Amino acid sequence: MPNSQPIAFINARLIDPESRFDGLGSLVVSEGVICDVSRRATFANLSSDVRVIDCNGAMLAPGLIDLRVKTGEPGAEPKETLKSASRAAAAGGVTSIVVQPDTDPAVDDPAMVDFILRRARDIELVHVYPAGAATRECKGDRMTEIGLMSEAGAVYFTDGDHSIVNSKVFRRILSYARAYDALVSHRPADPWLSAGACATEGEFAARLGLPSAPAIAERIMLERDLAIAEVTGGRLLVDQITTADALTCLERATAKGVRVSATASINHLSFNEIDTGDYRTFYHLDPPLRPESDRQALIDAVSSGLVPIIVSAHTPLPAEDKRLPFSESLPGAMGLETLLPSLLSLHHDGRVPLIDLIRAVTLAPAELLGLQTGRLSAGAPADLVLCDVDAPLIVDADRLISKSKNSPFDGRRLQGQVLMTLVDGKIVHQVSG
Amino acid sequence: MTSAADLEAPIRERIFPFPTPHFLSASSLNRPDAERLLDLADAFVAVNRRDEKKLGILRGRTLVNLFFENSTRTQMSFELAGKRLGADTMNMAPRNSSMAKGETLIDTAVTINAMKPDLLVVRHAASGAADLLAQKVGCNVINAGDGWHEHPTQALLDALTLKRAFPRIEGLTVAICGDVLHSRVARSNVSLLQTLGARVRLVGPPTLMPAGVDQWGADVFHDMRKGVAGVDVVMMLRLQLERMDGAFVPSTREYFRFYGLDAEKLALAKPNVRVMHPGPMNRGVEIDSDVADDPGVSLIRDQVEMGVAARMAVLASLAARLGAGN
């Protein structure tokens, strides 16, 4: 790769979740890896060929790892391509993305995994990891080649937005995946209770007249998934847990030693059902937005580590899928470019220490997938984000890089501006001036 | 013989600019505005009963009825209301035209907006559709029913019917019975009746009650006999036939037995009880013909008549906003 000139970042606020360090420091990048980290403001004897970047106290953290990104490639490129998603990721300080397999065709065989990896290599921006489909065509009936796809580079297995309804199929997947120690991700939602719903059942949705599903739809399916994980010993990732009830189930299973981890989406940490009040379809999400009490419980669960990972759940949708009445629009929201500033607003609200939020999008997903990135230690890949955590920002969806513009953060006032993003030591995004 | 202008004068005095640019939900009305609107509607009732029904209040204005969902009486009612006020009215049913195919609701709105209507009446099967249109067009939007959300002019015409049938609405006890879950009529009526000081009861099987209904400020009954006991008004809701047959209730006959309004259940209400129904009725499902057709208790035909007057009041009031330069 070009950009072989070593770079020294000085006067940085280093945040390293691995060593739990949040403080003044400096760091040198060379040959694509972090080669030196110091807890002093600068290095005493830097050689003259080193490019020095004075961070002026801005945060230097591991680049973000987003475990749940949808693109439209292959099959729906007008929504988002791997390239536009990669550019959006770089602009948002996200250096690794895991793309979902429920595309058209689905990423359900080793050749498709290879296709995604080759496309990503050509783009040469951020790390793109494919998730493989757990069942063929994500239809929920026949298992995919989990072993071969793991070898090809699939980092976990999921049917994406599709629920694996058949418990026998799901049990076999979790059981079979053990042979390769493969991770299986599933979003818990009882399909019959949630059919046709676009809101959470309750007084608010009833007033709006929106078809709604009860919150227990999540708990019911989660209990099943956890029970299957327990009997099979398979590794389960709970995709986008959202309700207080389900968190209680997760806590119980974790205490029992079930091999389970969980993600929370930034949307469910940032918004509640009241945001759907004027039928704005950018807040039509799946799972639907919940009452404020659930949002608070979710923040607590992130804070306590019960839910160790935060994802953007980036779901680009074109205008024709959103410029519709609420119940007729498609669910989903973009989030790659706004992930870091929206996380920082949780920090600015004083709810979760910054280092814990950073861990949830760096070290925690890296450890789950067995990646070397996500930490500031000598020898780790130089995937970095430099960010002014206090800079004010008004999100303007029209100015986002993604091909789609369905950002629920549109018009929101956030704090945190990404100044520079490095992937393998190469600068892939930089704010001019 | 008095001229049309003389007949208009007392009505013009009562017209006031509508409090909001659009009429999307009954919950947006406060009590003084609701009462002024009812007074105005009351004056239109007299106009509708005379030979010369045409007024010039909306002369030069264009009213578009945009009905994405089937409706005979509401559409006719708005059309008549517009014509009697002197507006040019036009009906569009995008479902049956090329506009439906592949066009988003907003595209349709933009198309219609380009034709510069002054008033747009919308019915749509999705909740929030009228709100969405209101954000995208330059004219005044009237919600003629959006999904399960609201049907505010129905609530207004029901209130007008009650205002004329009883000395006062305040203090009345109204039992709204049937499929509350899927009913925009119920939502609008609960809101407006409470605004006007009536007590509302909701009666129906638990499967047809929305979640959180206990927070609506109404008393909820699953036993209809208790629910209608001592009430002044029984307002029946239409039950879509596809929701019977095991989906929300087991069968038509079981529903009629426990939740259908017949003379026996009605006898538990106050002696001078009145019965209402937004129509169209499922006779023998939610209401017995003996009750529906009894002129001594049924206000159902009055509701249809009041519908035109209530809508004239809304149109005239919204147009006064236009005239005021808003």
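Residues numbered from 1 in each chain as written. Chains lettered and ligands numbered in written order. Predicted model: local features only at pLDDT ≥ 70, side-chain atom pairs only at ≥ 80, totals over all residues. Heavy atoms only, no water.

1. Focus: the environment of E18 of chain A
All names here are of chain A.
Here is step 1 of the chain: Mapped onto the secondary structure, E18 falls in the loop between β1 (7-16) and β2 (21-30).
Here is step 2 of the chain: Assessed through its relative accessible area of 37%, E18 is described here as partly exposed.
Here is step 3 of the chain: The contacts of E18, once residues within four sequence positions are left out, are L363, R375 and S377.
Here is step 4 of the chain: Reaching out from E18, the side chain makes a polar contact with the side chain of R375 at a distance of 3.1 Å. (Helix = DSSP H or I, 4+ residues; strand = E, 2+ residues; numbered from the N terminus. Buried < 20%, exposed > 50% of the residue type's maximum accessible area, 1.4 Å probe, protein only. Contact = heavy atoms within 4.5 Å. Polar contact = N/O pair within 3.5 Å; in protein donor to acceptor, adjacent residues only side chain to side chain.)

2. Some remarks on the interface of chain A and chain B
Here is step 1 of the chain: Contact residues are listed per partner, giving 18 residues for chain A and 21 residues for chain B.
Here is step 2 of the chain: Summed over both sides, the interface of chain A with chain B buries roughly 1,500 Å², with 62% coming from carbon and sulfur.
Here is step 3 of the chain: Our count for the contact surface shared by chain A and chain B stands at one salt bridge.
Here is step 4 of the chain: Here D107 of chain B ties to R323 of chain A by a salt bridge, and the two come within 4.0 Å at their closest N and O atoms.
Here is step 5 of the chain: The interface formed by chain A and chain B holds three residue pairs in polar contact (both at pLDDT 80 or more) in total.
Here is step 6 of the chain: The dominant element in the side of chain A that touches chain B, judged by the number of residues it contributes, is helix α6 (residues 203-208) of chain A, at four residues.
Here is step 7 of the chain: Within the side of chain A that touches chain B, the residues separate by chemical class into eight nonpolar, three polar and seven charged. (Buried area = accessible area lost by both parts, 1.4 Å probe. Salt bridge = Lys/Arg side-chain N within 4 Å of Asp/Glu carboxyl O. Nonpolar A, V, L, I, M, F, W, Y, C, P; charged D, E, K, R; others polar.)

3. Some words on the nonpolar core
Here is step 1 of the chain: Membership of the largest hydrophobic core comes to 89 residues, with the highest contact counts inside it found for M59, I97, I241, V307, I310 and L340 of chain A.
Here is step 2 of the chain: The leading source of residues in this core is helix α2 (residues 110-123) of chain A, at six residues.
Here is step 3 of the chain: Taken domain by domain, this core gets at least three of its residues from each of domain 1 (7-60 + 380-391 + 399-430) and domain 2 (64-369) of chain A.
Here is step 4 of the chain: If we ignore the near neighbours within four places in the chain, the residues touching I97 of chain A are D66, V69, A89, V126, H127, V128, Y129 and L336 of chain A.
Here is step 5 of the chain: Counting residues in hydrophobic clusters, the runner-up holds 71 residues, among them F23, L85, I142 and L157 of chain B. (Core = buried A, V, L, I, M, F, W, Y, C linked by side-chain atoms within 4.5 Å. Domains from an automatic or database assignment.)

4. Considerations on the pattern of salt bridges
Residues and elements named next belong to chain A.
Here is step 1 of the chain: Within the structure shown, the criterion is met by 39 salt bridges over all chains.
Here is step 2 of the chain: Close ionic contact of R224 with D225 constitutes a salt bridge, the shortest N to O distance being 3.0 Å.
Here is step 3 of the chain: Judged by relative accessible area, R224 falls into the buried class, the value being 14%.
Here is step 4 of the chain: When its relative accessible area of 1% is taken as the criterion, D225 is described as buried.
Here is step 5 of the chain: What emerges from the salt-bridge pattern is a single network uniting R68, K70, D102, D161 and D239.

5. Describing the sheet that holds strand β1 (residues 62-67) of chain B
Residues and elements named next belong to chain B.
Here is step 1 of the chain: Overall, parallel pairing links the four strands, which are arranged β2-β1-β3-β4 in an open sheet. The sheet is open, and its two borders are formed by β2 (88-92) and β4 (140-146), each paired with just one other strand. This sheet shows a mean twist of 15° between the axes of neighbouring strands, independent of strand direction.
Here is step 2 of the chain: Across five bridges, β1 lies against β2 in parallel orientation. When the bridges of β2 are listed, T62 appears paired with D88. (Pairing = 2+ DSSP bridges. Axes fitted to C-alpha atoms, helices over the stretch in contact; angles between N-to-C directions.)

6. Some words on the sheet that holds strand β6 (residues 199-203) of chain B
Residue and element names in this part refer to chain B.
Here is step 1 of the chain: Taken in spatial order, the five strands of this open sheet run β7-β6-β5-β8-β9, and their pairing is parallel. Bordering the open sheet on either side are β7 (219-221) and β9 (274-276), each of which pairs with just one other strand. On average, adjacent strands in this sheet sit at an angle of 20° to one another, irrespective of strand direction.
Here is step 2 of the chain: Together, β5 (173-177), β8 (233-236) and β9 form the strand contacts of helix α6 (residues 152-165), whose direction differs from that of β9 by roughly 165°.

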